[in-house]
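Each chain, letter by letter, is given below.
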Amino acid sequence: MAARLEIVSPEGLRVDGRRPAEVRRVLTRTGVLSQADGSAYIEQGNTKCLAAVYGPREPVKRAGVLHDRATINVEYNVSSFSSGERRAKLRRDRKLLEIGLMIKQTFETVVATTSFPRSEIDIYLQILQTDGGAVHTAINAATLALIDAGIPMTDYVCACSAGFVNDQAILDLNFLEESADVPTLTVALLPKSGKISMLGLESRLHIDKLEPVIALASDGCMQMKDTLDEAIRISTRNLAKTVLH
Amino acid sequence: MISVSERDYITKGVDRSVRADGRARLDFRDLNLETGMITQASGSCRVTLEGGTDVLVGVKVEVGSIEPDAEAAADADDIDDDGGARTAGGGGPGTDDTTGSSGGGTHARNRGRISCTVACSPSATRVFDPRDVESMCNEYSQLLNRVLNSAHGGVDLAALCIVPGSTCWVLNVDALVLDYGGGLLDAIFAATRGALHNTRIPRATVEQTDGRVEFEIEDEETEIVAGWEDVPLTVSMSKIGYRHIVDPTPLEELCSSARLTVAVNRRGNLCALQKGGEGGIEPSLLAEMVQTAKQLGQTLLSRHDTLLAAEARRIAKGVDPTGFR
């Protein structure tokens, strides 16, 4: 194999100066779209995701209506200008549909759908800019947007990615690291119970290395949980201030 | 979906120049503009209107090849090769043909191009029928493409040429509608103009060695898009009853029988004209609407230029855009 850019330098620093177990800087904001019931915007490093939640509301398609619970629809979209090379938006990109389905299944475990029978909750995720970790950023944004919409959930869903390179597990991979053939594992965790709600790995990883990588990713998820929790508390406090004054 | 009484209420209000939100017929809503929040794009701009309309435009430049059979015959009023000033719009095709350029064929082979797409984020489409969304996006994309690539599109396409006859810059303009609150087309054009103002093209140096032409792209040195100031803005007027309004809200759009979109640039030239909607417009009303649009266009442009100048100052100071924060 040709010599490549060192993902982790001998001093233990990654290409963007982070330590192996360090998550990128996260910026969050809720209530960014005026027309949506709930919305959120997250920036994790250079990855930017916008989430909009509509619901619970009357379903558009009568066919998928469930008599005892709400249906969750997730649409995951990546903007043409989001990545380094412009990609034309394909009609029904299968990969995007699959990601949308994965995220839907993730949230079905925590959203109290039985409180809203015969209705629909729509989660729209738009990736505005991607520098790696688009899927887990989208999941975190969806969590914030759902809470912003006031939809009851049993737990936060916090997601993070981790990889393994040079005998070392690294956390929160950026685009360079993801494209350098580093096996990337995306994990979504429910912090209260510690259960893993979503797990995705797309390349080869030795079975012995799996546990430390999952452990590191879970640790990253717990860090994300603190960030998300803080964001919710701040926005709720602000909301309370406007109501009480 | 609008009830008869609501339609009646809006129509009567428009007749008296008192719209539902208190505006007069020819009043625009406040516009917020921000540029440069998508750092991976060559240029970006987000425009939000008070009523919720939210459009984000990203421009990505890439090196492309000049199409060998690029249509030049239709460009009667083309940019002349001597680099002379373009004639003012409205001058017929005849005046431009007399310039000393060597025929239609070489024009298109010395220019770059702009490729536009309008897409709706799912969060905006809940208002429309999905099939309507696609045809609406297609219609807007085509209009944007036509206007920007025409002679009065503003952008100096000849400046986008790298190697005449073979390579050029292609500006990919992608408009994303994040939220819908009426007045979409005008917001798209406003965001496009803002994004083009924000776009930086890497410098391409061309070298000719032994008959072979090579070019090099330098990432560090960038240039602005020449001619962005002359990109037109559109004024869309909706006919409600016997009157016309600008910058409609979604309910007003449902009441309108016809829509006239007029593209005006800062020189006051009429760059494009398009009528939409099922209803008809009387010729006398049409002429009046076009005149009104031209005047309003100048107001819009000066407001736009002020906002862009403020953005340029903010960027020069190194202040980060608020984006969605």
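Bear in mind the structure is a predicted one, so any value in this text is a computation, not a measurement.

**Concerning the interface of chain A and chain B**
Next, step 1: Chain A puts 30 residues into the contact, and the matching count from chain B is 26 residues.
Next, step 2: Buried surface at the junction of chain A and chain B, both sides included, amounts to about 2400 Å², of which 55% is carbon and sulfur.
Next, step 3: Contact with chain B buries surface across chain A, with Gln35(A), Phe81(A) and Arg86(A) losing the most and accounting together for 29% of the total.
Next, step 4: Summed over the shared surface of chain A and chain B, the result is zero salt bridges.
Next, step 5: Summed over the shared surface of chain A and chain B, the number is four residue pairs in polar contact (both at pLDDT 80 or more).
Next, step 6: At the level of secondary structure, the elements contributing two or more residues to the side of chain A that touches chain B comprise strand 1 (26–30), strand 2 (38–44), strand 3 (47–57), strand 4 (71–78) and strand 5 (120–129) of chain A.
Next, step 7: Ranked by residue count, the leading element in the side of chain A that touches chain B is strand 3 of chain A, at five residues.
Next, step 8: In terms of residue class, the side of chain A that touches chain B is built from 10 nonpolar, 12 polar and eight charged.

**Let's talk about the sheet that holds strand 12 (residues 270–276) of chain B**
All names here are of chain B.
Next, step 1: The four strands lie next to each other as 10-9-11-12, forming an open sheet whose pairing is antiparallel. The open sheet has two free edges, formed respectively by strand 10 (243–246) and strand 12, since each of these has just one partner strand. Each strand axis lies, on average, 25° off the axis of its neighbour in the sheet, ignoring direction.
Next, step 2: Two strands pair when backbone bridges link them, and strand 11 (residues 258–264) and strand 12 are joined in this way by six bridges, in the antiparallel orientation. Looking at the pairing, Thr-261 lines up with Gln-274 of strand 12.
Next, step 3: Helix-sheet contacts for helix 6 (residues 184–198) involve strand 9 (233–240) and strand 11, and the interaxial angle to strand 9 is about 175°.

**Observations regarding a nonpolar patch on the surface**
Residue and element names in this part refer to chain B.
Next, step 1: A contiguous nonpolar surface patch, about 330 Å² in accessible area, is contributed by Val-63, Val-206, Val-213, Phe-215 and Ile-217.
Next, step 2: With three residues, the top contributor of residues to the nonpolar patch is strand 8 (residues 212–224).
Next, step 3: Relative to the helices and strands, Ile-217 resides in strand 8.

**A short note on the pattern of salt bridges**
Next, step 1: On inspection of all chains with the given rule, the structure shows 27 salt bridges over all chains.
Next, step 2: The salt bridge partner of Asp172(A) is Arg18(A), with a shortest N-O separation of 3.7 Å. With Asp172(A) in the loop between strand 7 (168–171) and helix 3 (175–179) and Arg18(A) in the segment before strand 1, this residue pair connects regions lying 154 residues apart in the sequence.
Next, step 3: Taking the relative accessible area as the measure of exposure, Asp172(A) reaches 0% and is therefore buried.
Next, step 4: Arg259(B) is the salt-bridge partner of Glu139(B), the closest N and O atoms lying 3.2 Å from each other. Of this pair, Glu139(B) sits in helix 5 (residues 130–149) while Arg259(B) sits in strand 11, and the two are 120 residues apart along the sequence.

**Section: the environment of Asn46(A)**
All names here are of chain A.
Next, step 1: Tracing the sequence through the fold places Asn-46 in the loop between strand 2 and strand 3.
Next, step 2: According to the relative accessible area criterion, Asn-46 is partly exposed, its value standing at 38%.
Next, step 3: A sequence separation of 135 residues divides Asn-46 from Asp-181, and the C-alpha atoms of the two residues are 20 Å apart.

**Considering the sheet that holds strand 7 of chain A**
Residue and element names in this part refer to chain A.
Next, step 1: Pairing within the open sheet is antiparallel, and its four strands lie in the order 7-6-8-9. Each edge of the open sheet is held by one strand with a lone partner, namely strand 7 and strand 9 (195–201). Each strand axis lies, on average, 25° off the axis of its neighbour in the sheet, ignoring direction.
Next, step 2: With six bridges connecting them, strand 6 (residues 158–165) and strand 8 (residues 184–190) associate as antiparallel partners. Within the sheet, the bridge partner assigned to Ala-162 lies in strand 8 and is Leu-185.

Parameters and conventions
- Residues numbered from 1 in each chain as written.
- Chains lettered and ligands numbered in written order.
- Predicted model: local features only at pLDDT ≥ 70, side-chain atom pairs only at ≥ 80, totals over all residues.
- Heavy atoms only, no water.
- Contact = heavy atoms within 4.5 Å.
- Buried area = accessible area lost by both parts, 1.4 Å probe.
- Salt bridge = Lys/Arg side-chain N within 4 Å of Asp/Glu carboxyl O.
- Polar contact = N/O pair within 3.5 Å; in protein donor to acceptor, adjacent residues only side chain to side chain.
- Helix = DSSP H or I, 4+ residues; strand = E, 2+ residues; numbered from the N terminus.
- Nonpolar A, V, L, I, M, F, W, Y, C, P; charged D, E, K, R; others polar.
- Pairing = 2+ DSSP bridges.
- Axes fitted to C-alpha atoms, helices over the stretch in contact; angles between N-to-C directions.
- Patch = residues over 30% accessible without salt bridge, like charges linked within 9 Å, V, L, I, M, F, W, Y side chains within 5 Å.
- Areas by Shrake-Rupley, 256 points an atom, 1.4 Å probe, with all protein chains shown as cover.
- Buried < 20%, exposed > 50% of the residue type's maximum accessible area, 1.4 Å probe, protein only.

Geometry only, nothing functional implied.
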